[in-house]
Amino acid sequence: SSSSSSDSAVIIEGPRRRTKVDYVKLNGDLFGDAVLDGDEEEKKDIKQPIDRRAQIAALVALKKKNDDDDNNNNNNKKK
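Residues numbered from 1 in each chain as written. Predicted model: local features only at pLDDT ≥ 70, side-chain atom pairs only at ≥ 80, totals over all residues. Heavy atoms only, no water.

S.K.: What am I meant to see in the overall build of the protein chain here?
M.R.: When you go through the protein chain residue by residue, the secondary structure sums to four helices and zero strands. Each helix and strand of the protein chain, placed in order from N terminus to C terminus, yields the pattern α-α-α-α. Counting across all 79 residues of the protein chain, residues that qualify as buried make up 3%. Within the structure as shown, the protein chain displays about 8,200 Å² of accessible surface, and the carbon and sulfur contribution to it stands at 53%. (Helix = DSSP H or I, 4+ residues; strand = E, 2+ residues; numbered from the N terminus. Buried < 20%, exposed > 50% of the residue type's maximum accessible area, 1.4 Å probe, protein only. Areas by Shrake-Rupley, 256 points an atom, 1.4 Å probe, with all protein chains shown as cover.)

Here it is in structure tokens:
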């Protein structure tokens, strides 16, 4: 019974008192102002999507070139 009366003494009613925080200033204080300009660095880290059609076209062209080179080398050996 006495525990219930001591529990009610701990409960505080009313709005919570909270200190206003300037998060932009806090970020600058913790990490420096350069971090706020980090958008350009983040963009560098993002990989660009691969254009599959361009990649396939490049591979086909490379294979064709290699096949042509192989055919030319075989023709030269036969002569």
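Still to come is the rest of the account.
S.K.: Can you help me understand the pattern of salt bridges in this one?
M.R.: Between side chains of opposite charge, a pair can form as their charged atoms come close. With the rule as written, the count across this model stands at four salt bridges. Among the ionic pairs, K63 bridges to D67, the shortest N-O distance being 3.1 Å. Pair noted here: K63 and D67 are both in helix α4 (residues 52-78), with a separation of four residues, about one helical turn. Taking relative accessible area as the criterion, K63 reaches 52% and is therefore assigned exposed. (Salt bridge = Lys/Arg side-chain N within 4 Å of Asp/Glu carboxyl O.)

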